Amino acid sequence: MEQTNMEKRYRMKTSPCAKQKNMVVGDKYRITILTECLIRLEYSLDGCFEDRATQVVINRDFPETEFREIRGADGIEIHTPGLYLKYAQQLVEQGDAYYCFCKKEELEGMKRVVAGKEISIYDKRCLKLSKEEVQRRLDAGEPHVIRFNMPTEGTTTFHDVIYGDITVNNEELEDLILIKSDGYPTYNFANVIDDHLMEITHVVRGNEYLSSAPKYNRIYEAFGWDIPVYVHCPLITDETHQKLSKRCGHSSYEDLLDQGFVSEAIINYVALLGWSPSDNREIFTLDELVQTFDYHHINKSPAVFDIAKLRWMNGEYIKKMDADEFYERALPYMKEVLKKDYNFKKIAGMVQTRIETFPDIPALIDFFEEVPEYDSACLLYTSDAADDR
């Protein structure tokens, strides 16, 4: 159940311990909406969320709204390994985690059959070691990790805003490694610790992380901490129903800006991927989208990113753009191909309703450079001749 009477803090997939960007947004519903729109596009692109793109939109359109980032001296907050080790050792003392000294060869030989499939799951053999044996091996400096002691019987149920209640068999939950042999935390463990310390209330990420939620919840419960609200968004795919990937040439938010799309159109379009308002409208101002968009009603199925539809929507935004703003944004594109002294404002007015993106402009106006220059005297003579008639 979501809490409505407290400040909401959203984490968009990443964890700062892994030297990745993390963003905390205060309880400003407008910013929440913008962030949720952008995260769906950025997350689908290989899980890379470029928070600078979001901050550009927020700072420009909502300058009065507080936007906070948790950062350290080098621009990213990094928690020291000792912080995570302290929490892991607490779990060991509680009996919720244990030291594991198994070597690589031992781990590769462990196989179990779950739901008819052979998978590798640790068999908890180090959990059976006595405290004296564990201490002896620690004192001897043997390489080790710290694992979480997952239950092997029963089920675990968790709730997601989009997918509802999901139940998994506990025998499918592996004993996660919390602290690696080098003393550093794993991504999974750091996620839980970071979110708790930063008082994160909502975790927004792609639906391939659904399988991680019950494991995280077991760790939250072992500490007695509140579990955040999960919002697992369905992925956005290309026309061939393949996950968007920068490696395959798909564009990120900032790439789309560089390609001549306007931020309002991008946000508008992405908000409609897997979600639609009750009146089936397609074009929204940012304020209208803020009032209408609700992530609770996002569909579970993946949405297809149709670049042709985005181009059309971008064209609609350009048509409605203030003439002076359009001129300023179009001028560099006009000057790419027009080297003479032209009335650029007049030309801008001619193309504003004829383009879908700003890079469309050069191909529409380059013919101006090919138009021959006429002798002004000839033009005057033609005018005089007309008067004589």
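In this report, the structure presented in the accompanying data block is examined.

Rules used throughout
- Residues numbered from 1 in each chain as written.
- Predicted model: local features only at pLDDT ≥ 70, side-chain atom pairs only at ≥ 80, totals over all residues.
- Heavy atoms only, no water.
- Helix = DSSP H or I, 4+ residues; strand = E, 2+ residues; numbered from the N terminus.
- Buried < 20%, exposed > 50% of the residue type's maximum accessible area, 1.4 Å probe, protein only.
- Contact = heavy atoms within 4.5 Å.
- Areas by Shrake-Rupley, 256 points an atom, 1.4 Å probe, with all protein chains shown as cover.
- Core = buried A, V, L, I, M, F, W, Y, C linked by side-chain atoms within 4.5 Å.
- Salt bridge = Lys/Arg side-chain N within 4 Å of Asp/Glu carboxyl O.
- Axes fitted to C-alpha atoms, helices over the stretch in contact; angles between N-to-C directions.
- Parallel < 35°, antiparallel > 145°, perpendicular 65-115°, else oblique.
- Nonpolar A, V, L, I, M, F, W, Y, C, P; charged D, E, K, R; others polar.
- Left-handed = near helix turned anticlockwise from the far one by under 90°.
- Phe/Tyr/Trp six-rings, centres within 6.5 Å; stacked < 30°, edge-to-face > 60°.
- Lys NZ or Arg CZ within 6 Å of the ring centre and 35° of its normal.
- Pairing = 2+ DSSP bridges.

## Regarding the overall build of the chain
Regarding its fold elements, the chain presents 15 helices and 14 strands. A buried classification covers 47% of the 389 residues belonging to the chain. Taking as baseline every contact in the chain between residues at least 6 positions apart, the subset at least 24 positions apart corresponds to 72%. Of the roughly 20300 Å² of accessible surface on the chain, a fraction of 49% belongs to carbon and sulfur atoms.

## Looking at the nonpolar core
Core analysis: the biggest nonpolar cluster contains 85 residues, and L178, F189, F326, M334, F358 and I361 have the highest contact counts within it. Those residues in contact with F189 that lie beyond four places of it in its chain are Y84, Y87, A88, L91, L178, I179, I219 and F223. In this structure, Y98, C100, M110 and Y122 belong to the second largest nonpolar core, which totals 7 residues.

## Quick look at the pattern of salt bridges
Under the defined criterion, the tally for this structure stands at 14 salt bridges. Between R125 and E106 there is a salt bridge, with its nearest N and O atoms 3.5 Å apart. Taken as a pair, R125 in the loop between β6 (117-119) and α5 (131-139) and E106 in helix α4 (residues 104-108) lie far apart in primary sequence, 19 residues in all. Judged by its relative accessible area of 34%, R125 is partly exposed. Assessed through its relative accessible area of 33%, E106 is described here as partly exposed. Measuring nitrogen to oxygen at the nearest pair gives 2.8 Å for the salt bridge that ties E133 to R136. Residue E133 and its partner R136 are located together in helix α5, separated by 3 residues, close to a single helical turn. Looking at R136, the relative accessible area reads 46%, which means it is partly exposed. Taken together, the shared-partner salt bridges connect E133, R136, R137 and E142 into one network.

## With respect to the packing of helix α12 (residues 323-337) against helix α13 (residues 344-351)
Between two packed helices, both the angle of their axes relative to each other and the distance between the axes serve to describe the pair. Packing of α12 against α13 leaves a shortest axis separation of 9 Å and a crossing angle of 100°. By the criterion of interaxial angle, the relationship of α12 to α13 is roughly perpendicular. Contact with α12, carried on its side by D324, F326, Y327, L331, M334 and K335, involves F344, K345, I347, A348 and V351 of α13 and no other residues of that element. For the contact of α12 with α13, a count of residues per class yields 8 nonpolar, no polar and 3 charged.

## Structural notes on the packing of helix α9 (residues 263-271) against helix α11 (residues 307-320)
Relative to each other, α9 and α11 sit at 135°, their axes nearing to 9 Å. The angle between the axes of α9 and α11 places the two elements in the oblique class. Crossing of α9 against α11: the hand is right-handed. Each of E264, A265, I266, N268 and Y269 in α9 lies in contact with α11, whose residues at this interface are K309, L310, M313, N314 and Y317. Looking at the contact of α9 with α11, its residues break down into 6 nonpolar, 2 polar and 2 charged.

## Points about unusual backbone geometry
With a phi close to 65°, K124 is a non-glycine residue in the positive phi region. Within the fold, K124 resides in the loop between β6 and α5. Here K124 falls in the buried class, since its relative accessible area comes to 14%. Of note, the phi angle at E199 is positive, near 60°, even though the residue is not glycine. Structurally, E199 can be placed in the loop between α6 (187-197) and β11 (202-206).

## Re the packing of aromatic side chains
Using the criterion set out here, one finds 12 aromatic pairs in the structure. Look at Y87 and F223: their rings are 5.7 Å apart centre to centre, the planes differ by 85°, and that puts the pair in the edge-to-face class. Taken together, the positions of Y87 in helix α3 (residues 81-94) and F223 in helix α7 (residues 213-223) put the pair 136 residues apart, joining distant regions of the chain. Each member of the pair, Y87 as well as F223, carries the same accessibility label: buried. Plain terms: the ring middles of F223 and W225 are 4.1 Å apart, the flat faces sit at 10° to each other, and that makes the pair stacked. By the burial criterion, F223 is buried, and W225 matches it. An aromatic cluster is defined as three or more aromatic residues linked by ring pairs; in this entry it consists of Y342, F344, F367 and F368. Taking the ring centre of Y122 as reference, the NZ or CZ of R147 above it sits at 4.0 Å. K335 extends its terminal NZ or CZ atom over the ring of F344, reaching a point 6.0 Å from the ring centre.

## Here we look at the pairing of strand β8 (residues 155-160)
Residues of β8 alternate between two faces, with T156, F158 and D160 buried on one and T155, T157 and H159 left unburied on the opposite face. Sheet analysis places β8 next to strand β9 (residues 164-169), joined by 6 bridges and oriented antiparallel. The residue of β9 that forms the bridge with F158 is I166. Hairpin connection of β8 to β9: 3 residues between the antiparallel strands.

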